[in-house]
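Descriptive structure summary
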Amino acid sequence: MATGANATPLGKLKRSRWSSETPDQKTIIPGMPTVIPPGLTRDQERAYIVQLQIEDLTRKLRTGDLGIPVNPEDRSPSPEPIYNSEGKRLNTREYRTRKKIEEERHSLITEMVGLNPEFKPPADYKPPATRVNDKVMIPQDEYPEINFVGLLIGPRGNTLKNIEKECCAKIMIRGKGSVKEGKVGRKDGQMLPGEDEPLHALVTANTMENVKKAVEQIRNILKQGIETPEDQNDLRKMQLRELARLNGTLREDDNRILRPWQSTEPRSVTNTTLCTKCGGAGHISSDCNSFAAPRAGEPPQSAQDKARMDKEYLSLMAELGEAPVPSPGGGGGHSNNQNNSHNRGSNNSSSNQPPPVIGEPELPRHARRSRQPGRSRQPRGPPQLPAPHAQHGRPSDPPPPPSGPLPPWQQQAPPPPPTSSMASSAPLPWQQSKNTICSLGGFFSTISVRGLAGVENVSDLKTNFNRHLHFTLVKDRNVATKRDYYFALANTVRDHLVGRWIRTQQHYYEKDPKRVYYLSLEFYMGRTLQNTMVNLALENACDEAIYQLGLDMEELQDIEEDAGLGNGGLGRLAACFLDSMASLGLAAYGYGIRYEFGIFNQKIVNGWQVEEADDWLRYGNPWEKARPEYMRPVHFYGRVEHTPEGVKWVDTQVVLALPYDTPIPGYRNNVVNTMRLWSAKAPCDFNLKDFNVGGYIQAVLDRNLAENISRVLYPNDNFFEGKELRLKQEYFVVAATLQDIIRRFKSSKFGSTEVVRVDLSTLPEKVAIQLNDTHPAMAIPELMRILVDTEHLTWEKAWDICTRTCAYTNHTVLPEALERWPTDLLQNLLPRHLEIIYEINRRHLERIAKLYPGDDDRLRRMSLVEEGHQKKINMAHLCIVGSHAVNGVARIHSDILKATLFKDFYEVDPDKFQNKTNGITPRRWLVMCNPGLAEVIAERIGDDYIRDLDQLKKLLEFVDDDSLICDIAKIKQENKLKFSAYLEEQYKVKINPNSMFDVQVKRIHEYKRQLLNCLHIITLYNRIKKEPNKDWTPRTIMIGGKAAPGYHTAKLIIRLITAIGEIVNNDPVVGDRLKVIFLENYKVTLAERIIPASDLSEQISTAGTEASGTGNMKFMLNGALTIGTMDGANVEMAEEAGEENLFIFGMRVEDVEAMDKSGYDAMEYYNRIPELKQAMDQIAGGFFSPDQHDLFKDIVNMLLHHDRFKVFADYEAYIKCQDKVSALYRNPKEWTKKVIYNIASCGKFSSDRTISQYAREIWGMEPSLEKIPAPDDPRQ
């Protein structure tokens, strides 16, 4: 009996504090008797004991009580440790003990199943896999020209996946020659199967029968690849067809692979390749053993002519930063460099072979030349690759002409190609590829475009891909990653740009046209690779080359970082304009800042936006070229001295502007313009005395302060933030750009890099400067400073030049977005410029006073200097006064500027004000992002619409064509299925692809009224809950966009959207009839996915607040119907397509103005509309924020009492309009007819049209659709 303090009363047992069980409860083992009955057989006793052992082992595995001794001395010795690639030990004691217990339990379970067939093992039990494997050797060394790996894997890996699924086996390509990302080994530390063996397929399955089935199929594919010619290989044809289907380029009517900008006949790349030297088929000019002879009747070019042309070319190279300025003698440098090149080749010659590369190895030039015309893909052994530059004095080459190879523009045109079955198809002009490899002799060997531009067939792309992988990235296939493959592909495509880029600059320097400079602090370029392939007609060839190399094109494209150097519409518009300027043959340059960190990456954490830095340059940028020789000094701070010699700005701090050039290709016209972005660098003028006194570290740290200018893009859109760093950025880009413009103007005579123009009075005839919003407004006082202080022109002459050169585009009417810089900040940072602005304002007000004597209020309204608590400079007024043209970006926006914001200025200079409705480039926003729709359109009206979007009107003839209606609907559904799969992969959200995709993607801002969308979602949710049995039109509502980091209300709007989604998406009554998704990190690449898949485009800003918008145009072009207000470009879209083909609702501009005068009372709408009241009460009462009921009190307070954008006033009309949308969506044929009307009406909204108007009406330039000669064509 227990005694003492711990004793318990007799007959009463103490309950465990750890368990709620009563003392009489017994442990029960399922299926086992609680009392062992007598008379059990030996097998039954054994079964009982085995099951107890199984339960005990299972308990140990589940609880982690593995019985490992606590005292290390009691443990058994450990084996030699094994580590994985991350340095983590694999064979720990816990791992070994657990594995031993699992093996013991497995043997007991096997025994138990034999004793009791009905026994069910524990739920966490998984029998160890018994795998059988076999190898199938791949004869890649015997047949190096056959892509066995590509045949086995198939497009997107589907061929291999189908074999695995059919045979229930796992197949891995292993050994030397397999493509893998530098894997070290398996997780258990052992070697990968066959890692050091010849190339083979490793087949693994549970049974030998499944292994044999898979092995047989693999051998059949290998046999078919060896014995059947490629053009007769049924598997190959099927794979190509599948690849076209996956890319959206398959024509179902005749099973041909076709893109609208390609030949209408299938053709063999090899057979239709024509030599430009001998005219033969089946080989390119670099493989030809003969040299092109002069045309009949033409005398050979003289040595004097050649020397002149060489000097001209060298002068151009000096301008581009690719070569030194030629000496007056002209020939000395040529021969010397030729000798140097020869010496370098001799010194670097080596017998060492480079590491192997993917696919067909690159042949040395002498081996390529030795091929016979017409022969292709003959089995041969692996070539011996020479060391770099070991190509001079080749014994197999024919002797060169006495004067060396001619520059490309001196080469004679080839004779007409022979008529043969191999060259029977007649491609259109933009489908013809140039097959000459340009070569430059002697000195030009360092700047040659030979072997790079002009050869657009698969074999050369593969060769160049491997060359870049090897020589540029210094990798072989054993260690190359997917990112390496992307960079190899990007450099390969860039090669095709370089020759055209140089030739374009040659063309401009020969013709000396007027040049336009587009100054913008934002260029939202997105990705470059695919857009470049489309514009150069390389997309299909690259697809095929990458496929043959056993890689996935989509995977490589997804590796590219978005160049997010913009906040939204303004930056994206600038990118579209650059594309159109190049496509229209304008001599145009984009100037901006090369931000180290672009627009932030948006993460949604617990429903809130969190910003992360966009380090888009961390892996490098293959598209840019640094030009340190054109670095320019930019001055800040200091003081102004007025001397008899003139005004001097002295004692300044200097920051260097380093330019980086990016090529901008036009569409199939061989024009490649330049976008030049400036990066801030600190000068290297350290004071050695400071070093000696310990100031070195601080001096180095101070460099970072200077370089911060180009460190990060300001993330505010439609919101002015007056920070010193922002003003520094604006002046930095302006100062560097104007120095560059004047340098180019002075030396723009072809054949000379010295100053040849000294009279700046002709500047407006040769230069046009377009200011993209007020951000580059400092260009006006800076240009005046240069003309007056540096070039010593009179004020009147300088002002005339300045105003005739500059033009200004306004992008917003929101007062908080208009820039006003404090004068004390300008006085400190840019003292000379403030003086100039004061002088501009004095002369401007004198003129106004003469026109309107005694009207002091007008003088105050029109002054550049705003008086008040803090004196400020109105930058919009500065732009208007200093420009010869001012334009809005939509007709309604331009009318508002003239009627309200700039009314006084319009009354003074009405001819200065214009409208230029924005546009989008159809190359990126249709051909690239929606190839299926582009092809369907081309089948009906041809593909000239890609250059002339007005031709889409021809589609109106097919509005009632059932086949077109079916094709349009089918393409839309395919795009929706693709995006649904993307959402499931990226966001782990499953949606109904048959639901209406209702999309609103744009910056989060009160005036864009995402809150109106939220109120509709809540209303629709309440209706479904009220009538769950009604047949509702299913919707998936997607909202995306970024909020400025300091914009509290916008970030709270995002939180409200995610909170609504959490309630709606998890309500079983609603199901898949309504889903709400916030699209995280909306950017250009995501837009290219979502826009082609959208059914409904939300453009619901308050009338009179959106300047234009370009997203509305992108949705319209890609077959989404628009629900929107009569705001921005929506007005013109409704005019073009017919208001009946859009869903227009709500107040017009005049209604908003009338309400502003009479007063807007939100409470009146709240009390009058029950559904609105219910929705607001749910937000205010915490229905969508159960953990924090007052979470959205600021939004509720703003909507009820301080809403400048009148959400409630349009609520009722919006809900009724959405009901019409739901009703029409249930009639697919009528819906698709409206879609066709919209697509056919998009011609006006091409950026080509916008830029043509800018060119003719503001810049004084004439666009041209003519192609300039390709790099391998003779110059005209």
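Residues numbered from 1 in each chain as written. Predicted model: local features only at pLDDT ≥ 70, side-chain atom pairs only at ≥ 80, totals over all residues. Heavy atoms only, no water.

On to helix α32 (residues 1048-1065). With 18 residues, α32 extends 26 Å between its outermost C-alpha atoms, agreeing within 8% with the 26 Å of an ideal straight helix rising 1.5 Å per residue. Across the 18 residues of α32, 13 count as buried, placing the element largely inside the fold. (Helix = DSSP H or I, 4+ residues; strand = E, 2+ residues; numbered from the N terminus. Expected span 1.5 Å × (residues − 1). Buried < 20%, exposed > 50% of the residue type's maximum accessible area, 1.4 Å probe, protein only.)

Taken as a whole and judged by the stated rule, the model has 20 aromatic pairs. Arranged with centres 6.4 Å apart and planes meeting at 80°, the rings of Tyr-143 and Phe-148 form a pair that is edge-to-face. Judged by relative accessible area, Phe-148 falls into the buried class, the value being 0%. Centre to centre, the rings of Tyr-517 and Tyr-589 are 5.2 Å apart; their planes meet at 20°, and the pair counts as stacked. One end of the pair, Tyr-517, is in strand β4 (residues 515-519); the other, Tyr-589, is in strand β7 (residues 588-593), with 72 residues separating them in the sequence. Comparing Tyr-517 with Tyr-589 shows no difference in burial state: the two are buried. An aromatic cluster of at least three residues, connected via ring pairs, comprises Tyr-517, Tyr-589, Tyr-591 and Trp-678. Between Arg-515 and the ring centre of Tyr-509, over which it is positioned, the NZ or CZ distance is 4.7 Å. (Phe/Tyr/Trp six-rings, centres within 6.5 Å; stacked < 30°, edge-to-face > 60°. Lys NZ or Arg CZ within 6 Å of the ring centre and 35° of its normal.)

Here the focus is empty space enclosed by the protein. Evaluated as defined, the whole model comprises 15 cavities of 30 Å³ or more. Put simply, the second largest cavity is a space of about 400 Å³. Elements with a minimum of two residues in the lining of the second largest cavity: α11 (482-511), β5 (523-526), α12 (529-535), β6 (563-565), α15 (569-583), β14 (653-665) and β15 (672-681). (1 Å grid on protein atoms, 1.4 Å probe; cavity = no way out; pocket = protein on both sides within 12 Å on 5 of 7 lines; lining within 4 Å. Points joined across faces, edges and corners; volume = space filled by probe spheres on them.)

When helix α36 (residues 1149-1158) is considered as a whole, its buried residues turn out to be Val-1149, Val-1152 and Met-1155. Along the axis of α36, the buried positions cluster into a sector of 125°, meaning they face one direction only. Across α36 from its buried face, at more than 90 degrees, point the exposed residues Glu-1150, Lys-1157 and Ser-1158. Its buried side turned inward, α36 meets α26 (891-901), α37 (1162-1168) and α40 (1207-1225). (Arc of directions from axis to C-beta. Contact = heavy atoms within 4.5 Å.)

Turning next to the sheet that holds strand β2 (residues 169-174). In spatial order, the strands read β1-β3-β2; together these three strands make up an open sheet with antiparallel pairing. Edge positions in the sheet fall to β1 (132-137) and β2, since each of these pairs with one other strand and no more. Taking the axes of each pair of neighbouring strands and ignoring which way they run, one obtains an average angle of 20° across the sheet. Both β1 and strand β3 (residues 200-205) contribute to a ladder of six bridges, which runs antiparallel. Counterpart to Val-132 in the pairing with β3 is Ala-205. (Pairing = 2+ DSSP bridges. Axes fitted to C-alpha atoms, helices over the stretch in contact; angles between N-to-C directions.)

Okay, the nonpolar core next. Core analysis: the largest hydrophobic core is formed by 246 residues, its most contacted members being Phe-1208 and Trp-1259. Here this core gets 11 residues from one element, more than from any other, and that element is helix α18 (residues 724-746). When neighbours within four sequence positions are excluded, Phe-1208 is seen to be in contact with Leu-1015, Tyr-1160, Ala-1162, Tyr-1165, Tyr-1166, Leu-1172, Met-1176, Leu-1199, Leu-1200 and Asp-1203. Ranked by size, the runner-up nonpolar core spans 29 residues in total, among them Leu-497, Leu-529, Ile-546 and Leu-556. (Core = buried A, V, L, I, M, F, W, Y, C linked by side-chain atoms within 4.5 Å.)

Taken in spatial order, the three strands make up an open sheet running β18-β20-β19, and their pairing is antiparallel. Each edge of the open sheet is held by one strand with a lone partner, namely β18 (820-822) and β19 (865-866). Bridge count for β19 against strand β20 (residues 872-874) is two bridges, and the pairing is antiparallel. Looking at β20, one finds that Glu-866 is bridged to Lys-872.

Turning next to the pairing of strand β12 (residues 639-643). Strand direction decides the pairing type here: β12 and strand β13 (residues 646-650), joined by five bridges, are antiparallel. Residue pairing across strands places His-642 opposite Val-647, the latter belonging to β13. Connecting β12 to the next strand, β13, in antiparallel fashion are two residues.

Within the fold, Thr-737 resides in helix α18. Looking at Thr-737, its side chain comes within polar contact range of the side chain of Trp-678, at 3.1 Å. What Thr-737 contacts, discounting residues up to four positions off in sequence, is Leu-519, Tyr-591 and Trp-678. (Polar contact = N/O pair within 3.5 Å; in protein donor to acceptor, adjacent residues only side chain to side chain.)

A few words on the packing of α18 against helix α20 (residues 779-790). For the pair α18 and α20, the least separation of the axes is 10 Å and the interaxial angle reads 45°. As far as their axial angle goes, α20 and α18 are oblique. Between α18 and α20 lies a crossing whose hand is right-handed. Residues Tyr-731, Val-734, Ala-735, Leu-738 and Ile-742 of α18 pack against Ala-779, Glu-782, Leu-783, Arg-785 and Ile-786 of α20. Partitioning the contact of α18 with α20 into residue classes produces eight nonpolar, no polar and two charged. (Parallel < 35°, antiparallel > 145°, perpendicular 65-115°, else oblique. Left-handed = near helix turned anticlockwise from the far one by under 90°. Nonpolar A, V, L, I, M, F, W, Y, C, P; charged D, E, K, R; others polar.)

Turning our eyes to something else, we now look at unusual backbone geometry. Non-glycine residue Val-474 carries a positive phi angle of around 55°. Assignment of secondary structure puts Val-474 in the loop between α10 (458-472) and α11. The exposure class of Val-474 is exposed, given its relative accessible area of 63%. One non-glycine residue, Asp-773, lies in the positive phi region at around 70°. Looking at where Asp-773 falls in the secondary structure, it is placed in the loop between β16 (767-772) and α20. The exposure class of Asp-773 is buried, given its relative accessible area of 8%.

The next thing to look at is a negative patch on the surface. A grouping of Asp-944, Asp-948, Asp-950 and Glu-1136 is seen on the molecular surface, where their side chains present a negatively charged patch. Note that Asp-948 resides in the loop between α29 (931-941) and α30 (962-987). Its relative accessible area of 32% is what places Asp-948 among the partly exposed residues. (Patch = residues over 30% accessible without salt bridge, like charges linked within 9 Å, V, L, I, M, F, W, Y side chains within 5 Å. Areas by Shrake-Rupley, 256 points an atom, 1.4 Å probe, with all protein chains shown as cover. Salt bridge = Lys/Arg side-chain N within 4 Å of Asp/Glu carboxyl O. Lys, Arg positive; Asp, Glu negative; His and termini not counted. Charge placed at Lys NZ, Arg CZ, Asp CG, Glu CD.)

Here a disulfide denotes one covalent bond, and it connects the sulfur atoms of two cysteines. Evaluation of the coordinates by the stated rule reveals zero disulfides. With no disulfide of its own, Cys-168 has Cys-167 as its nearest cysteine by sulfur position, at a separation of 7.7 Å. Here Cys-168 falls in the exposed class, since its relative accessible area comes to 52%. (Disulfide = S-S within 2.5 Å.)

If pLDDT is low for a region, its predicted coordinates should not be looked at in detail. For the chain, the mean per-residue pLDDT works out to 82, and 76% of the residues sit at or above 70. Here residues 289-299 is a poorly scored stretch, pLDDT under 50, and it has 13 contacts once near neighbours within four places are set aside; other chains count. Across residues 319-456, confidence stays below pLDDT 50; counting only partners more than four residues off in sequence or on other chains, it has 267 contacts. (pLDDT = per-residue confidence, 0-100.)

What follows concerns the side chain of Asn-1141. By the element assignment, Asn-1141 lies in the loop between α35 (1130-1137) and β28 (1143-1144). Overall, Asn-1141 belongs to the buried group, its relative accessible area being 5%. In contact with Asn-1141, not counting residues within four places along its chain, are Leu-1121, Lys-1234, Tyr-1237 and Asn-1238.

The next point concerns the environment of Gly-526. Locating Gly-526 in the fold gives a position in strand β5. Residue Gly-526 is classed as buried on the basis of its relative accessible area of 1%. Filtering out sequence-adjacent residues up to four positions away, Gly-526 remains in contact with Glu-561, Asp-562, Ala-563, Arg-572 and Val-1084.

On to the pattern of salt bridges. Applying the stated rule across the entire model yields 77 salt bridges. Of the charged contacts in the structure, one is a salt bridge between Glu-1164 and Arg-1168, with a shortest N-O distance of 2.9 Å. Placement of the pair is Glu-1164 and Arg-1168 together in helix α37, with a separation of four residues, close to one helical turn. Judged by relative accessible area, Glu-1164 falls into the partly exposed class, the value being 35%. A residue is classified by how much of its surface remains accessible, and Arg-1168, at 41% relative accessible area, is partly exposed.

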